[in-house]
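What the coordinates show
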Amino acid sequence: RWQNVSIPSRLGYALQGTYLPNPIPSNKTLVFVHGINGSRLMGLWYAPLYIKAGYNVLLYDSRASGESGGDSVTWGFYEKYDLDQWIDWVAEQNPKGTIGVHGVSMGAATALMHAEMNEATHRVNFYIADSGYSDLEELLTQQINATVSLHDPLWVKLLVSYSSIMAKWQSGFTYQDVSPVRSVRSVTTPILYLHGDADVVVPVYMSEQLYTATKGYK
């Protein structure tokens, strides 16, 4: 009974998704947000869990991923605004229903930055942040240190700074703008943090930073 859904982003491109209504009519919906280099297909691993729990499930391709438009991936900066439009769509399908968001990696960062936006409306009732990073600049710095033998903190800092300037020139954001750990300081919506300590891409301590910084129930 799944259905393909297309909505226009306010940022000027089309967003593509798939809606899986629960076999038993429900006003509870889970929105899944995939990670970098992924697509909505990643959500198929999670959908049965939520269907069994009585939720409808919305899977979608983030900007510049899968079948969605957009010039570039922005690590959650513009993605959070697209997520907000999908929340608009879900709220239209099930007025006054329960809405949850489950994000993985970049999707978790997107969800947490959206949670700050959600404080004005509280349309989303809960978030699940799965293997999310706390701060993009810190993540890229530690990844460079782990993969490139520069042996000089100054060179690493210069490389990250140059890359951030290029992101500003190309897409209108800097790496400093992507800091979920700042966002969660004002969030009161419940957040469930998930992270495995064998993660080699996003270190588990970043979820610990997020947990510590979170103001609300966690």
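The sections below set out a description of the structure shown in this document. (Residues numbered from 1 in each chain as written. Predicted model: local features only at pLDDT ≥ 70, side-chain atom pairs only at ≥ 80, totals over all residues. Heavy atoms only, no water.)

So, about helix α2 (residues 79–93). Since one α-helical turn is 3.6 residues long, residues separated by three or four positions face the same way. A rise of 1.5 Å per residue sets the reference length of α2, with its 15 residues, at 21 Å; its end C-alpha atoms lie 21 Å apart and thus fit the reference within 8%. The complete set of buried residues in α2 reads Glu79, Lys80, Asp82, Leu83, Asp84, Gln85, Trp86, Ile87, Trp89 and Val90. Of the surrounding elements, those touching the buried residues of α2 are β1 (3–8), β2 (14–20), β3 (28–33), β4 (56–60), β5 (98–104) and α3 (106–118). (Helix = DSSP H or I, 4+ residues; strand = E, 2+ residues; numbered from the N terminus. Expected span 1.5 Å × (residues − 1). Buried < 20%, exposed > 50% of the residue type's maximum accessible area, 1.4 Å probe, protein only. Contact = heavy atoms within 4.5 Å.)

Those residues of helix α7 (residues 204–213) not exposed but buried are Met206, Ser207 and Leu210. All buried residues of α7 lie within an arc of 100 degrees about the axis, which places them on one face of the element. (Arc of directions from axis to C-beta.)

With that out of the way, let us pick up the pattern of salt bridges. All chains considered together, the criterion is met by five salt bridges. In this structure, Arg40 engages Asp61 in a salt bridge whose closest nitrogen and oxygen atoms are separated by 3.0 Å. Placement of the pair is Arg40 in the loop between β3 and α1 (47–52) and Asp61 in the loop between β4 and α2, with a sequence separation of 21 residues. Per residue, the accessibility class of Arg40 equals that of Asp61, and both read buried. Arg123 is the salt-bridge partner of Asp88, the closest N and O atoms lying 2.5 Å from each other. (Salt bridge = Lys/Arg side-chain N within 4 Å of Asp/Glu carboxyl O.)

The sheet built from seven strands is open, its strands ordered β1-β2-β4-β3-β5-β6-β7 with mixed pairing. Looking at strand neighbours, the two that pair on one side only are β1 and β7 (191–194), the edges of this open sheet. Between one strand and the next, the sheet's axes are offset by a mean angle of 20 degrees, whatever the strand orientation. Two elements, β5 and strand β6 (residues 126–130), share five bridges in a ladder whose sense is parallel. Paired with Val101 across the bridge in β6 is Tyr127. Most of the contacts of α2 go to β1, to which it runs at about 125 degrees, and overall it touches β1, β2, β3, β4 and β5. The sheet contacts of α3 involve β3, β5, β6 and β7, and relative to β6 the element is tilted by about 150 degrees. (Pairing = 2+ DSSP bridges. Axes fitted to C-alpha atoms, helices over the stretch in contact; angles between N-to-C directions.)

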